[in-house]
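Residue strings, one per chain:
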Amino acid sequence: MNTDEVPYKTYLTEAELPTAWYNLRADMKKKPAPLLNPGTLKPVTAEELEHVFCKELVRQELDDTTQFIPIPDEVQKFYRMFRPSPLIRAYFLERALGTPAKIYYKFEGNNTSGSHKLNSAVAQAYYAKAQGLKGVTTETGAGQWGTALSMACAFFGLDCQVYMVKCSYEQKPFRREVMRTYGADVTPSPSMKTKIGRAINEAHPGTTGSLGCAISEAVEAAVTQDGYRYVLGSVLAQVLLHQSIIGLEAKAAFDKLGVKPDLVIGCAGGGSNLGGLIAPFMGEKLRGEADYRFIAVEPASCPSFTRGRYAYDFCDTGKVCPLQKMYTLGHDFIPSANHAGGLRYHGMSATLSELYDQKLMEARAVEQTSVFAAAEQFARVEGILPAPESSHAIRVAIDEALRCKEEGKAETILFGLTGTGYFDMVAYQKYNDREMGDYIPSDEELAASFAKLPKV
Ligand SMILES: *Cc1c(COP(=O)(O)O)cnc(C)c1O
């Protein structure tokens, strides 16, 4: 190991931190398709969206031409509590693999919420406060987004109402208590508090809920209370914009080292960390200034990119959100109950969907037992206990490093380590007890779900 080559960790100084987010859509010649009003099937207007979302966030959502959007001072200050995040050279993983590849990862788990979600939560809470709102509503699946948002709301003095998918609410009581400690009100979804929740409970008695269902409840709660708006932690273009802080910092750190990655890898649930990580690199590729390979990694049990359709679909079960053109498995698709590894959303960011459709990015689906094997290998040599979601990226980073070994190539690989896995110990326990299986949906199962796509 030649440790004097580059440092184990590269940090930016406070003076080097980005002061503007990068809007990747500005550099796309063919833009993502517009969001449609689910009633009229016409492109949604800012006015329609402002009933549901904060005004400034609507402006960001619809802006696909401004390259750089300044990060408000208050948000920059909050970022300094937990940023910059380190760019780490995985010397010990390289040694364990015996690969000539140079592996780097950008670690986003160094904050109480344990993931990159805080990058967007603080921005969204800031704009809600600036608009004079009382509070925000949201959904959370595994709980990372709800935790991040409750931290941000506590900081800005906003009320925070979280609809948490019922099976997580029951399986992850500690996540729930972290949110409550930050002052959030947490409701298991589907609940009896909303019309849509009552309808879902009636149609599917005993259901343990889904993200799509919790989104519908949170949207209804926002539009039926004065001074509240709905916020979302992934999928939307505004969230990718805020997450560009990850890629901007990574790019600046690489520039400091005089290193250029060949390959950038990230896990993809709704696409926000991946979209943020690749943003400045993809920008260079789009402008013809440099070339990179990008790989999105998704679970084989929820394969939106690799087996989904590129079509307009609903973002939620209750069909209250705008229609988005994206790679989707259908809004009714719910991954098998044995799937423990996160990344269970049926759709994907419209921006990433368009880039994938233009073949500017690759995608790979991986099975969860191989994901946990990668997580275990990584934890034992690099020390960090990774989130199952992040471990999808680790799996493919390892596979690519082993390919480099076979081909005798010293490629530089960057992957996003989005968070830590301390609240995922039930999943790790299943893996350790060899009780974890793999599930791959059948073509028939997917066809049934595609049949319910809206006709647009
Ligand atoms: C939410 C989450 C993801 C997936 O969300 P994206 O929007 O696809 O980034 C990945 N990793 C962690 C740790 C998360 O909390």
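Residue positions within a chain follow its written sequence, with the count starting from 1. Side-chain atom pairs in this predicted model are given and counted only at pLDDT of 80 or more, local residue features only at pLDDT of at least 70, and totals for whole chains, interfaces and linings cover all residues. By convention in this description, side-chain values take in all heavy atoms of the structure and omit both hydrogens and water.

Peer 1: It is not clear to me how the pairing of strand E11 (residues 293–299) should be interpreted in this structure. Could you clarify?
Peer 2: Where a strand is regular, its side chains alternate between the two sheet faces. Most of E11 sits inside the fold, with six of its seven residues counted as buried. Pairing of strand E10 (residues 263–267) with E11, which is carried by five bridges, proceeds in the parallel orientation. Looking across to E11, one finds that Cys-267 is bridged to Val-297. Here is how to tell: hold the view so the strands point away, follow the path from the first strand over the helix to the second, and if it runs clockwise the crossover is right-handed. Put simply, DSSP H or I for four residues or longer makes a helix, DSSP E for two residues or longer makes a strand, and each gets a number counted from the N terminus. Taking the sense of rotation as the criterion, the β-α-β connection linking E10, helix H12 (residues 272–286) and E11 turns out right-handed. In this description, strands pair whenever DSSP reports at least two bridges between them. As paired elements, E11 and strand E14 (residues 362–366) share five bridges and run parallel to each other. When the sheet's bridge partners are listed, Pro-299 is paired in E14 with Val-366. Type-normalised accessible area, obtained with a 1.4 Å probe on protein chains alone, sets the label of each residue: buried when under 20%, exposed when over 50%, and partly exposed for intermediate values.

Peer 1: When you look at the sheet that holds E14 in this model, what are you seeing that I'm missing?
Peer 2: The strands making up a sheet associate through hydrogen bonds between their backbones, and the pairing can be parallel or antiparallel. Reading across the sheet, the seven strands line up as E1-E4-E5-E15-E10-E11-E14 and stay open at both edges, with mixed pairing between neighbours. Lying at the two open borders of the sheet, with one neighbouring strand each, are strand E1 (9–10) and E14. Strand direction decides the pairing type here: strand E4 (residues 87–89) and strand E5 (residues 102–107), joined by three bridges, are antiparallel. Each bridged residue has a counterpart across the sheet, and for Ile-88 the counterpart in E5 is Tyr-105. We call two residues contacting when some pair of their heavy atoms lies within 4.5 Å. Axis lines are fitted to C-alpha atoms, over the contacting stretch for helices. Their N-to-C directions set the angle, which ranges from 0 to 180 degrees. Contacts between helix H15 (residues 368–382) and the sheet are confined to E4, E5, E14 and strand E15 (412–417), with E14 contributing the most and set at about 95° to the helix. Contacts from helix H16 (residues 388–407) reach E5, E10, E11, E14 and E15 within the one sheet, and its direction differs from that of E10 by about 150°.

Peer 1: Which parts of the structure should I look at to understand the sheet that holds strand E6 (residues 135–140)?
Peer 2: The strand order E8-E7-E6-E9 describes an open sheet built from four strands, whose pairing is parallel. Lying at the two open borders of the sheet, with one neighbouring strand each, are strand E8 (185–189) and strand E9 (228–230). Within the sheet, the average angular offset between the axes of one strand and its neighbour, ignoring direction, is 25°. Here three bridges tie E6 to E9, and the two strands are oriented parallel to one another. Paired with Val-136 across the two strands is Arg-229, which belongs to E9.

Peer 1: How do you make sense of the pairing of E5 when you look at a structure like this?
Peer 2: The buried fraction of E5 is high, at five of six residues. As paired strands, E5 and E15 are joined by six bridges and run parallel to one another. Paired with Phe-107 across the two strands is Leu-417, which belongs to E15.

Peer 1: Could you clarify how one ought to interpret the state of the cysteines in this entry?
Peer 2: For this text, the term disulfide refers to a pair of cysteine sulfurs within 2.5 Å. Under the criterion given, the structure shown has zero disulfides. The structure places no disulfide on Cys-213, whose sulfur is separated from the nearest cysteine sulfur, that of Cys-167, by 11 Å. Residue Cys-213 is classed as buried on the basis of its relative accessible area, which comes to 4%. Cys-315 forms no disulfide, and the closest cysteine sulfur to it belongs to Cys-321, at a distance of 5.8 Å.

Peer 1: Would you mind going over the nonpolar core with me for this structure?
Peer 2: Proteins that are soluble and globular tend to have nonpolar side chains buried together. By size, the foremost hydrophobic cluster in this structure holds 73 residues, and its most contacted members are Trp-21, Met-282, Phe-305, Met-361 and Leu-414. Broken down by element, this core gets its largest block of residues, eight residues, from helix H11 (residues 237–257). Mapping this core onto the domain boundaries places at least three of its residues in each of domain 1 (7–17 + 82–114 + 244–450) and domain 2 (45–70 + 117–230). Beyond its immediate chain neighbours, meaning those up to four positions away, Met-361 contacts Leu-274, Ile-278, Met-282, Phe-294, Ala-296, Phe-305, Leu-352, Leu-355 and Tyr-356. Nonpolar cores are built from buried Ala, Val, Leu, Ile, Met, Phe, Trp, Tyr and Cys residues. Side-chain atoms within 4.5 Å join them into one set. In this structure, Ile-103, Tyr-105, Ile-413 and Leu-417 belong to the second largest nonpolar core, which totals 29 residues. Residue ranges for the domains originate in an automatic or database domain assignment.

Peer 1: What exactly am I supposed to notice about unusual backbone geometry here?
Peer 2: Excluding glycine, a negative phi dihedral is what most residues carry, and trans is how most peptide bonds are arranged. Of the consecutive residues Arg-83 and Pro-84, the connecting peptide bond is found in the cis state with omega at 0°. You can see Pro-84 is positioned in the loop between helix H3 (73–82) and E4. Following Ser-189, the chain continues to Pro-190 via a peptide bond in cis, the omega torsion being 5°. Relative to the helices and strands, Pro-190 resides in the loop between E8 and helix H9 (195–203). One non-glycine residue, Leu-41, adopts positive backbone phi at about 60°. Structurally, Leu-41 is set in the loop between strand E2 (20–22) and helix H1 (46–49).

Peer 1: Would you mind going over the site of the ligand with me for this structure?
Peer 2: The immediate surroundings of the ligand are formed by 17 residues, with Lys-117, Ser-234, Gly-269, Ser-272 and Thr-418 found nearest. Within the backbone of Gly-269, a nitrogen or oxygen atom sits 2.7 Å from an oxygen atom of the ligand. Throughout this description, a polar contact denotes any pair of N or O atoms lying within 3.5 Å of each other; where both atoms belong to protein, one of them has to be capable of donating a hydrogen while the other can accept it, and for residues adjacent in sequence the pair is counted only when both atoms sit in side chains. Separating a nitrogen atom of the ligand from a side-chain N or O atom of Thr-418 is a distance of 2.7 Å. In short, Shrake-Rupley with a 1.4 Å probe defines the accessible areas, and a residue's cover is counted only from the protein chains shown. Taken by itself the ligand offers 380 Å² of open surface, and the protein chains cover 94% of this. Basically, the charged four are Asp, Glu, Lys and Arg, the nonpolar ten are Ala, Val, Leu, Ile, Met, Phe, Trp, Tyr, Cys and Pro, and anything else, Gly included, counts as polar. In terms of residue class, the shell around the ligand is built from four nonpolar, eleven polar and two charged. Nearness is judged by heavy atoms alone; a residue qualifies as near a molecule or strand once a single heavy atom is within 4 Å of it.

Peer 1: Mind showing me how you'd approach the pattern of salt bridges here?
Peer 2: A carboxyl oxygen of Asp or Glu within 4 Å of a side-chain nitrogen of Lys or Arg is what we treat as a salt bridge. Applying the stated criterion across every chain, the model contains 31 salt bridges. The salt bridge involving Arg-89 is made with Glu-94; its shortest N-O contact spans 2.7 Å. Glu-94 gets classed as buried once you look at its relative accessible area, which sits at 8%. In this structure, the salt-bridge partner of Asp-185 is Lys-193, at a minimum N-O distance of 3.6 Å. Salt bridges sharing common partners tie together Arg-293, Glu-362, Arg-364, Glu-400, Arg-403, Glu-407, Lys-409 and Glu-411.

Peer 1: Mind showing me how you'd approach the packing of aromatic side chains here?
Peer 2: Each aromatic ring pair is summarised here by two numbers: the centre-to-centre distance and the angle between the ring planes. Each Phe, Tyr or Trp ring, with Trp reduced to its six-membered ring, pairs with another whose centre is within 6.5 Å; inter-plane angles below 30 degrees give stacked pairs, above 60 give edge-to-face pairs, and intermediate values give tilted ones. Summed over the entire model, instances satisfying the criterion amount to 21 aromatic pairs. Relative to Tyr-327, the ring of Tyr-310 lies with its centre 4.8 Å away and its plane at 5°, an arrangement referred to as stacked. Of this pair, Tyr-310 sits in strand E12 (residues 309–314) while Tyr-327 sits in strand E13 (residues 323–328), placing them 17 residues apart in sequence. There is no split in this pair, since Tyr-310 and Tyr-327 are both buried. Site record: aromatic cluster; members linked through ring pairs are Phe-78, Tyr-79, Phe-82, Tyr-126, Tyr-127, Phe-155 and Phe-156. A ring is scored as having a charge over it whenever the NZ atom of a lysine or the CZ atom of an arginine sits within 6 Å of its centre and within 35 degrees of its normal. When the ring centre of Tyr-292 is taken as reference, the NZ or CZ atom of Lys-260 above it lies at 4.4 Å. Over the ring of Tyr-310 we find Lys-325; its NZ or CZ atom is 4.4 Å from the centre of that ring.

Without other data, these values stay purely geometric and don't point to any function.
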